[in-house]
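Letter by letter, the chains look like this.
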Amino acid sequence: MFYSHLTNTKKFPVTMKSPFIFLITLSFFLQSLLVASHNLANSSTICKTTPDPKYCRSVFPHSQGNVQQYGRFSIRKSLSQSRKFIRTVDKYLKRNAHLSQPAVIRALQDCRFLAGLTMDYLLTSFQTVNVTSAKSSSSKTLSFPKAEDIQTLLSAALTNEQTCLEGLTTAASSSATWTVRNGVALPLVNDTKLFSVSLALFTKGWVPKKKKRAGFAWAHPRSGSSTHTKPFRLFRNGALPLKMTERTKAVYESPSRRKLSDGDGDDGSMVLISDIVTVSQDGTGNFTNITAAVAAAPNNTDGSGGFFLIYVTAGIYEEYVSIAKNKKYMMMIGDGINQTVVTGNRSVVDGWTTFNSATFAVTAPNFVAVNITFRNTAGPEKHQAVALRSGADFSIFYSCSFEAYQDTLYAHSLRQFYRECDVYGTVDFIFGNAAVVFQNCNLYPRKPMPNQFNAITAQGRSDPNQNTGTSIHNCTIKPANDLVSSNYTVRTYLGRPWKEYSRTVIMQSYIDGFVEPVGWREWNGDFALSTLYYAEYNNTGPGSNTTTRVTWPGYHVANSTDAANFTVTGLFLEDDWIWKTGVPYTSGLIS
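Naming follows an unreviewed UniProt entry, where the protein appears as Pectinesterase of Brassica napus. The annotation that UniProt attaches to the protein under Pathway (unreviewed entry) is "Glycan metabolism; pectin degradation; 2-dehydro-3-deoxy-D-gluconate from pectin: step 1/5." The record in UniProt for the protein states the following under Catalytic activity (unreviewed entry): "[(1->4)-alpha-D-galacturonosyl methyl ester](n) + n H2O = [(1->4)-alpha-D-galacturonosyl](n) + n methanol + n H(+)".

Written as structure tokens, this is what we have:
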């Protein structure tokens, strides 16, 4: 049987001292067989729950098993394929180092980077589901938080595959690079299908049934509470709730001329800081550029000692910053929007992929940025040009500004939160496939090129089992000054579906009158119009009237129950990772 190939079985010698003992043993054996055979099915039955049943059936041997056994097999196979893909990319990078088209090399480098992250995600996922195989039959699902973690990782692994594929397809479009396209991109198509199978079977086999039946309504740990009530100090009025040693405090307060919140924080109500370095262009700090300060941060900390704080004094920092996955629990604080500015000008037109055009990119978990502007100055004529890319789980941006044109803010993957931020852009300027909440933010569509339109969002959920989506909650949508004074007409939309299961919700927000009455725009014909999920709930302002909105099957005017699924505690399940940073937030709907 199929399950015998996927579980470790040991044979024990049987010695019978009497017929009675033999009968008891035989009875126990038969009962065990009956339990083991419970819920067994062939691949045709199991694969009906996946997005591509035909491909799913091709993955598995023709024998029986339950959904968890098939799931373990699929995740293990995904892990194996990921290792194989890394070897393939390394081979092509070495072989094509001489290519005159740098865009192809950059796309391959993106793939190598993403594949390394995917390996981490799949390994963690496989270790988790493998542990459940040793548990009793009554304990084979996971807790809500653990199931959410693994579903998030598998969702991100699938997003990584597609990001790589898109970059390769765009870059390797000429006949001179057909070997890269056929040797790397084409096999990746099947890997993407395999990852989708793994995600579907994990959702079916391990995610608690209560979660699947009730959507996200189960995810409110503090019923009836719309704001967090834990006694934690917040970033307010320039006083920061940071607990430091006297030496660290002196380092911070001297150049910043700021004061920390009163109190020693011994009650656990303040944000713990493990160490601090300062960045100042005049040479009075520890470093003169941000990249050097990031390199000085410790690797792979567990956060128990607090955040490593990088204080970046006012200045225009022309550099490309990347926060690698091992720089965990980093907090970066500037002197304010338009005071501390990180800027670059990479773009797709100039040979970069969208992914690596970012001025500032972060992958490390539990990253926090406060009081910083992130810019890409390439301009609208350069098309895709990213200011910030985040693929960092539990990343938070508070009182920051993101300024570019097309593809300003790339919320690539995993779980992210933005509070009291400003976002400026034109086409698809908030995009990606993270589970992300924008709360109390200002979204400013600006003046694009003639004959272009503005789309605020382009959410990239490509699979119905991904727990991703963009939530815009209690935000303000107004035109930027250059759009107000534009001498030609610009149509502005709330969003359009980048991928088939695109999911965006705008709720309890102010929408100004410049937004098109239909609200949303097609991507290409009827693509995704019946599979997307776009919703609006209780918005205000002259642009919030839903009576003339699109009539697509996937568009909804939500009620409070639906909208609650996209609050902080609805989309993220847990909110401890936010309140521990001192960043203010509202956990549920505003009453």
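Additional details are given in the paragraphs that follow.
(A) Highlighting helix α6 (residues 144-171). Along its 28 residues, α6 runs 41 Å from first to last C-alpha, staying within 8% of the 40 Å computed at 1.5 Å per residue. Counted residue by residue, α6 has 21 buried out of 28 residues, so it is predominantly covered.

(B) View of the sheet that holds strand β14 (residues 409-411). Spatially, β5-β8-β11-β14-β17-β20-β23 is the arrangement adopted by the 7 strands of the open sheet, whose pairing is parallel. Whereas interior strands pair on both sides, the edge strands pair on one side only; in this sheet they are β5 (321-323) and β23 (492-495). For this sheet, the mean inter-axis angle between neighbouring strands, taken without regard to orientation, is 10°. Sheet topology note: the β14/strand β17 (residues 427-432) ladder contains 2 bridges and is parallel. Counted as the bridge partner of L409 is I430 from β17.

(C) Structural detail: the environment of D350. Its location among the elements puts D350 in the loop between β7 (340-344) and β8 (360-362). Accessibility expressed as a relative area gives 41% for D350, which makes it partly exposed. Once you skip the residues sitting within four places of it in the chain, D350 turns out to touch R106, N345 and K382.

(D) Main features of the state of the cysteines. According to the stated counting rule, one finds 2 disulfides in the structure shown. The residue that forms a disulfide with C47 is C56, at a sulfur-sulfur distance of 2.0 Å. Taking the sign of the S-S torsion, -70° for the link of C47 and C56, the bridge is left-handed. Considered together, C47 and C56 belong to a single accessibility category, that of buried residues. Cysteine pairing for the protein (bonded cysteines numbered in sequence order): 1-2, 3-4. Note on C400: no disulfide assigned, nearest cysteine sulfur contributed by C421 at a separation of 5.0 Å. A disulfide-free cysteine, C441 has its sulfur positioned 4.7 Å from the sulfur of C475, the nearest such atom. For C441, a relative accessible area of 0% puts it in the buried group.

(E) Focus on the side chain of D422. Relative to the elements of secondary structure, D422 occurs in strand β16 (residues 422-425). The side chain of D422 is buried and forms no salt bridge, while R375, the nearest opposite charge, is found at 10 Å. If we ignore the near neighbours within four places in the chain, the residues touching D422 are I337, C400, S401, F402, N442 and Y444.

(F) Here's a closer look at the confidence of the model for the protein. For the protein, per-residue confidence averages 86 on the pLDDT scale, and 81% of positions sit at 70 or higher. Throughout residues 1-17 the model reports pLDDT below 50, and contacts reaching past four residues in sequence, or to other chains, amount to 25 contacts. Taken together, the stretch residues 20-38 has pLDDT below 50 and engages in 6 contacts with residues farther than four places along the chain or on a different chain.

The rules behind these values
- Think of each chain on its own: its residues are numbered from 1, step by step along the sequence as written.
- Reporting of local features is limited, given that this is a predicted model, to residues whose pLDDT is at least 70; pairs of side-chain atoms are given and counted only at 80 or more, and all residues count toward the totals for whole chains, interfaces and linings.
- The side-chain figures draw on all heavy atoms in the structure; neither hydrogens nor water molecules are used.
- UniProt positions are given in the numbering used here, feature names are shortened, and annotations may be inferred rather than shown by experiment.
- Runs of H or I in DSSP of at least four residues are treated as helices and runs of E of at least two as strands, each being numbered from the N terminus.
- For a helix, the expected span equals 1.5 Å multiplied by the residue count minus one.
- Only protein chains enter the accessibility calculation, which uses a 1.4 Å probe; a residue whose area is less than 20% of its type maximum is buried, one above 50% is exposed, and one in between is partly exposed.
- Whether two strands pair depends on DSSP finding at least two bridges between them.
- For helices, the fitted axis covers only the stretch in contact; all axes are lines through C-alpha atoms, and the angles between them, taken along N-to-C directions, range from 0 to 180 degrees.
- Whether two residues are in contact is decided by their heavy atoms: any pair within 4.5 Å suffices.
- Cysteine sulfur atoms are paired as a disulfide whenever they come within 2.5 Å of each other.
- The charge count includes Lys and Arg as positive and Asp and Glu as negative, but it does not include His or the ends of the chains.
- Between Lys or Arg on one side and Asp or Glu on the other, a salt bridge is scored when a side-chain nitrogen of the former is within 4 Å of a carboxyl oxygen of the latter.
- A residue's pLDDT is the confidence the predictor assigns to it, expressed on a 0 to 100 scale.

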